[in-house]
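Structural description and commentary
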Amino acid sequence: MSASLILRVSAPMLLWLPLAASLYVLLRGHNEPGGGFIGGLLAGVGLIFHAIAFGAAPTRKLLRLAPTSYCAIGVLLAAASGIPALFGAGPYLTHLWWFPDVGIVLPLGTTILFDAGVYITVVGTVATLFLSLMEEETL
Amino acid sequence: MLLIVAPLLIPLCAAALTALLRTHIAAQRVVGVSASASLLAVGLMLVARTADGSILVTQMGDWAAPFGIALVVDAFSAIMLAIAGLMALSVSIYAMGPDAAARDRAGFQPLFHSLMLGVCGAFVAGDVFNLYVWFEVMLIASFGLLVLDRTRAQIDGGLRYVFLNLVGTTVFLMAVGLLYGQLGTLNFADLARLAPQAENQGLLAAIGVMFLVSFGAKAALFPLFNWLPAAYHTASMPVAAIFAGLLTKVGVYAILRLFALVYAHDVAFFGPIFAWVAAATMVFGVFGAAAHYDIRRILSFHIVSQIGYMIIGVALLTQAAIAAAILYIVHHIVVKANLFLVAGAIRRENGSFALGRCGGLWRAAPLLAIGFLIPALSLAGIPPLSGFWGKYAVVRAGIEAEAYWLAGIALFVGLLTLYSMIKIWNEAFWKPAPEGLARTAWTRGQRIATYLPIALLCATTMTIGLWTEPFAALAETAAASLLDRDAYIAAVLGNAGQVAEFAR
């Protein structure tokens, strides 16, 4: 499979721009539209562009870990985000908040861990799906 | 609180860890077996906590029911969780037997624990929508497990399974939507509170029939059972065993939970339907089994026929009948999974599932013969094994509720079950081995991995059979708390019942 010159030249940008956008969407997700799921899909789009331009093998190399490992890490992270609540605060997945004052008040909560877990899982799932499909096609 | 979440967290973490340990097969097995063992331990602890009839509730993320997601464990759920743990442990060990390396490389462990996650999730779900979600988790994992060896027959059986289950799931989702549209809630406790006073009882009953169709497809009730023998006989043996033991019973659990809690006021309408369905399921299943000569198909048809016994409990909806159904479910899961494990060992010894090409096992593998006899006679209901008490309780509940014909059919089907089991016994164990039978050699590890779970499940069957009293008492408690809707509503909603009323 050989992608067009235009795609190959613009592929790095088409990888990093969606990735940056996906992080923005992930972070704004708490109070506004967005969140881990849609963010993960956006990041997946970037990876798909990369794979179409350069092939499946370079994308696997870029990911370093196996795509399914991303799913596993994401699930574990999301599951772990509910654990702190069990030490007194309430039932499982009751999210805890912490507002440190560093010039501005930063709202930090365990929800972001949960959302990040969802994000990583979705990235892993999308990568697993399209990389296996691509490799099957080239057989 | 952690105890209620543990049945979900254990398989979830096990699935994730085994997926991470992709290439380390040995480490995957250690994680798998320890997760299954802890699941069993948690299940038993939950049984101990709920044996007095108390109901454990936790509201995820501190969002109170009926608005949040409630996890509820009553005695019935706890029993199901414990038995699921026992199945997980047996099958985890058994899966280390023959062909384990290929299976584990194909991703057996993560899929298996995802399946257990779905099963356990269905048992603790406190609302209909989450029940739906856990069904989906379970189904997706089961699709993967079913086609693990990627053979043509498996893809064929898998496609039928996928198709029927997708239809069933779609009907389920439509019913959920309609129910929410009518009552404005999906929480079981809230539904139980509102359903008797709903204005349009006709619509509510129609929704109930939709639930019956979708759960019935999963539980392999008549007339929706054809997919089961078609799909189960292609799966690899550990997978078939866990499917046979647990999957259809999740459907039965959902039927019992929903129809005892939400539709109990409409028993005059649903009772006769369930009675006919139960009778037809028993009879057609057992006739199907009588006609076949492949061990897996015979056993698959017997799953169908046995489901009918459990449905009698819903048909009568008396405390004795539900207790009988619960006792029967426990007995059946243990025995059925065990028979599939034995069938895998027969295949290993004789190289075939076709009865015509089997034989001589009584001499070649007497231990296996005993391992077959105990669950087989138990399935047929021979005293003093667990199946006798299960059948006795069902028949007695039927007679007490004056459903004599139903009790009669249950007895008749038991007789035909004995015929099927004798058929397998005669062909595979008793008759002389056919000419040119190639014996496969076992390694010591494979033998232990195969025989240990069979022995464990045989011991469980014997325990239930010889020391029935505590099990019957537990089933009685579970049935009483399942029928005590007010206690369930109070436990889940607490004061939130009034809050929900206010918000509405």
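The following refers to the structure shown.

Some points on the overall build of chain A
- Scanning chain A from terminus to terminus reveals 5 helices and 4 strands.
- Taken from the N to the C terminus, the helices and strands of chain A come in the order α-α-α-α-β-β-β-β-α.
- Here chain A, with 139 residues, has 36% of them falling under the buried criterion.
- Taking contacts inside chain A between residues at least 6 apart in sequence as the whole, the part at least 24 apart equals 68%.

As for the overall build of chain B
- Each helix and strand in chain B was counted, giving 22 helices and 2 strands.
- Whereas a compact globule of 504 residues would reach a radius of gyration of roughly 23 Å, chain B reaches 22 Å, a difference of no more than 12%.
- Scored against the burial criterion, the 504 residues of chain B give a buried share of 61%.

Notes on the interface of chain B and chain A
- If you look at the interface, chain B gives 16 residues, while chain A gives 15 residues.
- Looking at the side of chain B that touches chain A, the elements with two or more residues in it are helix H1 (2-20) and strand E1 (56-59) of chain B.
- Among the elements that line the side of chain B that touches chain A, the one with the most residues is H1(B), at 9 residues.

Observations regarding the nonpolar core
All names here are of chain B.
- By size, the foremost hydrophobic cluster in this structure holds 242 residues, and its most contacted members are Ile-79, Ala-84, Ala-122, Ile-312 and Ile-326.
- The biggest single contributor to this core is helix H14 (residues 319-350), with 22 residues.
- When residues no more than four places from it in sequence are discounted, the contact partners of Ala-122 are Leu-131, Trp-134, Phe-135, Met-138, Val-250, Tyr-253 and Ala-254.

Structural notes on helix H12 (residues 267-290) of chain B
Residue and element names in this part refer to chain B.
- Across its 24 residues, H12 extends 33 Å between first and last C-alpha, which sits within 8% of the 34 Å expected from 1.5 Å per residue.
- Among all positions of H12, only Phe-270, Phe-274, Ala-275, Val-277, Ala-278, Ala-279, Thr-281, Met-282, Gly-285, Val-286, Gly-288 and Ala-289 are buried.
- Contacts made by the buried residues of H12 are with helix H9 (201-219), helix H10 (227-232), helix H11 (237-261), helix H13 (295-316) and helix H18 (404-430).

Observations concerning unusual backbone geometry
- The linkage connecting B:Phe222 with the following residue, B:Pro223, adopts the cis geometry, with an omega of 0°.
- The topology assignment puts B:Pro223 in the loop between H9 and H10.
- Each neighbour pair has its own omega, and for B:Pro383 with B:Pro384 the value is 5°, a cis peptide bond.
- Assignment of secondary structure puts B:Pro384 in the loop between helix H16 (366-380) and helix H17 (386-400).
- The backbone of A:Arg64 sits at a positive phi, close to 65°, despite the residue not being glycine.
- Among the structural elements, A:Arg64 can be located in the loop between helix H3 (56-63) and helix H4 (67-80).

What about the pairing of strand E2 (residues 70-73) of chain B?
Residue and element names in this part refer to chain B.
- The two faces of E2 match: Ala-70 and Val-72 on one face and Leu-71 and Val-73 on the other face are all buried.
- Sheet analysis places E1 next to E2, joined by 4 bridges and oriented antiparallel. Among the inter-strand pairings, Gln-59 is bridged to a residue of E2, identified as Ala-70.

Topic: the environment of B:Leu39
Residue and element names in this part refer to chain B.
- Within the secondary structure, Leu-39 sits in helix H2 (residues 25-50).
- Sequence-wise, Leu-39 and Leu-246 are 207 residues apart; in three dimensions their C-alpha atoms are separated by 15 Å.
- Excluding its chain neighbours within four sequence positions, the residues that come into contact with Leu-39 are Pro-7, Ile-10, Pro-11, Gly-85, Ala-88 and Met-116.

A look at the environment of B:Gly177
All names here are of chain B.
- Mapped onto the elements, Gly-177 comes out in helix H7 (residues 152-183).
- By C-beta crowding, Gly-177 is classed as partly exposed, having 13 other C-beta atoms within 10 Å.
- Remark: the alpha-carbon pair of Gly-177 and Phe-129, spanning 48 residues in sequence, is separated by 9.2 Å.

Considering H11(B)
- Here H11(B) spans 36 Å end to end across 25 residues, near enough to the 36 Å set by a 1.5 Å rise per residue.
- Of all 25 residues making up H11(B), 24 are buried, and the element is well covered by its neighbours.

Topic: the packing of H17(B) against helix H19 (residues 444-466) of chain B
Residues and elements named next belong to chain B.
- Contact geometry of H17 with H19 gives a least axis separation of 7 Å together with a crossing angle of 50°. Between H17 and H19, the crossing angle belongs to the class labelled oblique. On the side of H17, the interface is formed by Ser-386, Phe-388 and Trp-389, while H19 contributes Thr-461, Ile-464 and Gly-465.

Notes on the environment of B:Val42
Residues and elements named next belong to chain B.
- Tracing the backbone shows Val-42 in helix H2.
- When the C-alpha atoms of Val-42 and Ile-10 are compared, they prove to be 9.4 Å apart, with 32 residues separating the residues in sequence.
- Setting aside its immediate chain neighbours within four residues, Val-42 contacts Leu-3, Ala-6, Pro-7, Ile-10 and Gly-85.

Overview of the packing of H11(B) against H13(B)
Residues and elements named next belong to chain B.
- Interaxial distance between H11 and H13 falls to 11 Å at its minimum, and their mutual angle equals 20°. By the angle between their directions, the pair H11 and H13 is classed as roughly parallel. Remark: the crossing between H11 and H13 carries right-handed chirality. Within the contact between the two elements, H11 uses Ala-240, Ala-244, Thr-248, Val-252, Ile-255, Leu-256 and Phe-259 and H13 uses Arg-296, Leu-299, Ile-303, Ile-307, Met-310, Gly-313 and Val-314.

Thresholds, definitions, all that
Residues numbered from 1 in each chain as written. Chains lettered and ligands numbered in written order. Predicted model: local features only at pLDDT ≥ 70, side-chain atom pairs only at ≥ 80, totals over all residues. Helix = DSSP H or I, 4+ residues; strand = E, 2+ residues; numbered from the N terminus. Buried ≥ 20, exposed ≤ 12 C-beta atoms within 10 Å, placed from the backbone. Contact = placed C-beta atoms within 7 Å. Rg over C-alpha atoms; globule rule 2.2 N^0.38 Å. Core = buried A, V, L, I, M, F, W, Y, C linked by C-beta atoms within 7 Å. Expected span 1.5 Å × (residues − 1). Pairing = 2+ DSSP bridges. Axes fitted to C-alpha atoms, helices over the stretch in contact; angles between N-to-C directions. Parallel < 35°, antiparallel > 145°, perpendicular 65-115°, else oblique. Left-handed = near helix turned anticlockwise from the far one by under 90°.

The values are spatial; any link to function lies outside them.
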